[in-house]
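# Coordinate analysis (summary)
Read off the chains here:
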Amino acid sequence: MHNKLSLLHFSLVSTLALVSAMAHAEAIRSEGPSSLRELRLVDSGEARAQRLVITDSTGATVLDTDKALPRIKNAYSPHSYDGYIANLISERQGKLAVTDLQGERHTLLSSSAQAGDYLALITREEGNGAYNFNLKFRYDGAAKSFDLTQILLNENNTECDQSLLNTHAVDREALAFTSLSDFDGTRAFDALKDLRLAHQTSGLAAEKLMPEVASSNFDAALKTYKAGNEDELKTLVSYFMAGDEDGACDPESYIVEKYYFPQQVGWSNGLGFLFEQAGYYPEAAELLKHITLKHPDRVVAYLNLADAYWALGKRAQAQEAYNQYYQRMAATQKQSKIPHRVISRK
């Protein structure tokens, strides 16, 4: 859905945009403490790939390639090109950064993320407002090499506010390159399109990563709930809602894709509960309904779902969920723990 103007905006707000056809070099400093000093793009002419040159803290060249940043013709204009944006990033243990289609940087939590210096290649494609990839190459100072460690697929909320919907870490072996020394940007660009299609159609194995801000907001909201501060709870939970100047987004357009984490179902169920407690009943019902479908053994999710339906005035759906909860609790001899409202409402 992005037009040329939005893609231009994406380039401008990124740390380093693809440079124009003038014969010159452009350089940026790496972000944070780093053993790398700068990255330079040396233009080779309008229709040719740019040379990517990286120097270390001593000024020595550790990378010089003309295969990483091709100019790939697109179907929209003979004077515009698809390709990659290049960034140098210094990252911490357990956290990694991704750049979305809007050019905004997000910090994600990942137990496999290693501290170090990285070159990030971020795909940009005319007319593609649905997704982009971040390829992360970790710098090995001893070997003077850049090794591919992460393939990150960002998906956009195309139905509402164009915000980042989710990020999945794709197995790096899915791409036939292991380092920048053998990386061909043109071949990789086509292969990444195939990876996105496989992710959509055949459930390509990929870990969904949690944004750091979502994790910290959840912790703050849960603490506020336990303290009994209802007004503050509503404010904190509102940070999870998508929308723009035209209003809030339909929960069906983003809630599950954004906040359902298959490997952290307890977290997602807890968020659904906080949605319900803060009065965001449609959002709660959407997320909790999905959890009960995917994880029917998650007994408490039926109670949370039933309460959300009851608050929405959907009595039939609420009674069904209360019954499901009651039956599962009774099957494990936990009737004494069933709240009184369940008996009267089921």
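If you're wondering where the values come from, they're calculated on a predicted model, not measured in any experiment.

Let us now look at helix α4 (residues 230-238). All of the buried residues along α4 are L233, L236 and V237. Down the axis of α4, the smallest arc covering the buried residues is 95°, so these residues share one side. Buried positions along α4 lie against α3 (212-227) and α6 (265-277).

Mapped onto the fold, N217 is located in helix α3. If near-sequence neighbours (up to four positions away) are discounted, N217 is found in contact with Y239 and F240.

Among the structural elements, D184 can be located in the loop between β12 (164-170) and α2 (185-201). One buried charge, D184, has no salt-bridge partner; the nearest side chain with opposite charge is K67, at 4.5 Å. A distance of 3.0 Å separates a polar atom in the side chain of D184 from the backbone nitrogen of T186. Excluding anything up to four places from it in sequence, D184 contacts K67 and F177.

The α-helix advances 3.6 residues per turn, and as a result positions three or four apart in sequence lie on the same side. Buried residues of helix α8 (residues 299-311): A301, Y302, L303, N304, L305, A306, D307, A308 and Y309, and no others. In this fold, the buried residues of α8 make contact with α6, α7 (281-294), α9 (315-331) and α10 (340-345). Phi for G313, located one or two positions after α8, is positive at around 80°.

Here the focus is the state of the cysteines. A full pass over the atoms with the stated rule returns one disulfide. Here C160 engages in a disulfide with C249; their sulfurs sit 1.6 Å apart. Around the S-S axis, the bridge from C160 to C249 shows a dihedral of about -85° and counts as left-handed. Of this pair, C160 sits in the loop between β11 (145-156) and β12 while C249 sits in the loop between β16 (247-248) and α5 (255-259), placing them 89 residues apart in sequence. The exposure class assigned to C160 is partly exposed, which follows from its relative accessible area of 23%. The exposure class of C249 is buried, given its relative accessible area of 5%.

Quick look at empty space enclosed by the protein now. For the structure on display, the rule yields two cavities of 30 Å³ or more. In this model, the largest cavity occupies a volume close to 50 Å³. Lining the largest cavity, in full, are T123, E125, N128, Y131, F133, F189, L192 and K193. For the lining of the largest cavity, the elements supplying multiple residues, two or more each, are β10 (131-140) and α2. Broken down by element, the residue count for the lining of the largest cavity peaks at three residues, all from α2. A class-by-class count of the residues in the lining of the largest cavity yields four nonpolar, two polar and two charged. Lining the second largest cavity, in full, are L101, T123, R124, E125, N128, Y131 and N132. Broken down by secondary-structure element, the contributors of at least two residues to the lining of the second largest cavity are β9 (116-124) and β10. For the lining of the second largest cavity, the residue count by class is two nonpolar, three polar and two charged.

A few words on the packing of aromatic side chains. Under the counting rule described, the total for this entry stands at 13 aromatic pairs. When the centroid spacing of 4.9 Å and the interplanar angle of 40° are considered together, the rings of Y139 and F146 count as tilted. Taking relative accessible area as the criterion, F146 reaches 3% and is therefore assigned buried. Aromatic pair Y259 and F275: ring centres 6.3 Å apart, planes at 75°, arrangement edge-to-face. Residue Y259 is located in helix α5, and its partner F275 is located in helix α6; the two are separated by 16 residues in the primary sequence.

Across the sheet, which stays open at both edges, the three strands sit in the order β7-β8-β14 with antiparallel pairing between neighbours. One side of each edge strand has no neighbouring strand; the edge strands of this open sheet are β7 (95-99) and β14 (210-211). Looking at chain direction, strand β8 (residues 105-109) and β14 are connected through two bridges and run antiparallel. Across the sheet, residue L108 finds its bridge partner in β14, namely P211.

Now for the pattern of salt bridges. Between side chains of opposite charge, a pair can form as their charged atoms come close. A full pass over the atoms with the stated rule returns nine salt bridges. Here K193 and E125 are joined by a salt bridge, their closest N and O atoms 3.3 Å apart. Within this pair, whereas K193 is found in helix α2, its partner E125 is found in the loop between β9 and β10, the two being separated by 68 residues in sequence. With its nearest N and O atoms 3.9 Å apart, the salt bridge here joins E286 to K289. Residue E286 and its partner K289 are both found in helix α7; the two are separated by three residues, about one turn of the helix. When its relative accessible area of 17% is taken as the criterion, E286 is described as buried.

Reading the values: rules and limits
- Residues numbered from 1 in each chain as written.
- Predicted model: local features only at pLDDT ≥ 70, side-chain atom pairs only at ≥ 80, totals over all residues.
- Heavy atoms only, no water.
- Buried < 20%, exposed > 50% of the residue type's maximum accessible area, 1.4 Å probe, protein only.
- Helix = DSSP H or I, 4+ residues; strand = E, 2+ residues; numbered from the N terminus.
- Arc of directions from axis to C-beta.
- Contact = heavy atoms within 4.5 Å.
- Lys, Arg positive; Asp, Glu negative; His and termini not counted.
- Salt bridge = Lys/Arg side-chain N within 4 Å of Asp/Glu carboxyl O.
- Polar contact = N/O pair within 3.5 Å; in protein donor to acceptor, adjacent residues only side chain to side chain.
- Disulfide = S-S within 2.5 Å.
- 1 Å grid on protein atoms, 1.4 Å probe; cavity = no way out; pocket = protein on both sides within 12 Å on 5 of 7 lines; lining within 4 Å.
- Points joined across faces, edges and corners; volume = space filled by probe spheres on them.
- Nonpolar A, V, L, I, M, F, W, Y, C, P; charged D, E, K, R; others polar.
- Phe/Tyr/Trp six-rings, centres within 6.5 Å; stacked < 30°, edge-to-face > 60°.
- Pairing = 2+ DSSP bridges.

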